[in-house]
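# Coordinate inspection notes
Residues per chain are reported as follows:
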Amino acid sequence: MEKYKFHRLMDKAELLAAMEDGAVRTFHLAGKKVCIVRTEDVFYAMNDKCPHQGASLGGGRCVNGRLVECPYHKYMFNIETGQERTGTGEAVRIYKVEEREDGVYVGFPFLGFSWR
């Protein structure tokens, strides 16, 4: 079972004010560039780097409320699975998002080790 370390992005009200519905934006969080997508009042998070040629997905746009389009070559990635729409086999890493009383948090896989 994969474990996650969650980092606070910001207060939900601030994030709603900073991002309109359908917005795609890059944030720096815990030493990573993270692409945040808002669809309605739900937030999704993924690695900001397009696996095709490394473009920032935060410079792209949200299509049909379910896909992020890379601004360079128009590859489209599902915001829930990270898979590229046309089946190229390309994918971006999806991160967990939790809304808590004190803000919106993004969870990165915990890369600690275990004593086995």
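Use the structure listed above.
Now for a quick tour of the structure.

Calculation criteria
- Residues numbered from 1 in each chain as written.
- Predicted model: local features only at pLDDT ≥ 70, side-chain atom pairs only at ≥ 80, totals over all residues.
- Heavy atoms only, no water.
- Pairing = 2+ DSSP bridges.
- Helix = DSSP H or I, 4+ residues; strand = E, 2+ residues; numbered from the N terminus.
- Axes fitted to C-alpha atoms, helices over the stretch in contact; angles between N-to-C directions.
- Salt bridge = Lys/Arg side-chain N within 4 Å of Asp/Glu carboxyl O.
- Buried < 20%, exposed > 50% of the residue type's maximum accessible area, 1.4 Å probe, protein only.
- Polar contact = N/O pair within 3.5 Å; in protein donor to acceptor, adjacent residues only side chain to side chain.
- Contact = heavy atoms within 4.5 Å.

## A few points about the sheet that holds strand 5 (residues 61-63)
As a general point, the strands of a sheet are linked pairwise by backbone hydrogen bonds and lie either parallel or antiparallel. Across the sheet, three strands lie side by side as 5-6-7; this open sheet has antiparallel pairing. Pairing within the sheet leaves two strands with one partner each, and these edge strands are strand 5 and strand 7 (76-78). Taken pair by pair, the neighbouring strands of this sheet meet at an average axis angle of 35°, ignoring direction. Alignment of strand 6 (residues 67-69) against strand 7, held across three bridges, turns out to be antiparallel. The residue of strand 7 that forms the bridge with Leu-67 is Asn-78.

## Topic: the pattern of salt bridges
With the rule as written, the count across this model stands at six salt bridges. Of the charged contacts in the structure, one is a salt bridge between Lys-12 and Glu-99, with a shortest N-O distance of 2.7 Å. Remark: Glu-99 occurs in strand 8 (residues 94-100) and Lys-12 occurs in helix 1 (residues 12-18); sequence separation between them is 87 residues. With a shortest N-O distance of 2.7 Å, Asp-41 and Arg-38 are connected by a salt bridge. Owing to a relative accessible area of 42%, Asp-41 belongs among the partly exposed residues under this scheme.

## Describing the side chain of Glu-69
Along the chain, Glu-69 turns up in strand 6. Since its relative accessible area comes to 9%, Glu-69 is described here as buried. Among the polar contacts listed, one links the side chain of Glu-69 to the side chain of Arg-61, at a separation of 2.8 Å. Sequence-distant contacts of Glu-69, that is, excluding residues within four places in its chain, are made with Gly-60, Arg-61, Val-63, Lys-74, Tyr-75 and Met-76.

From the geometry alone we can't say anything about function, so treat these as descriptive.
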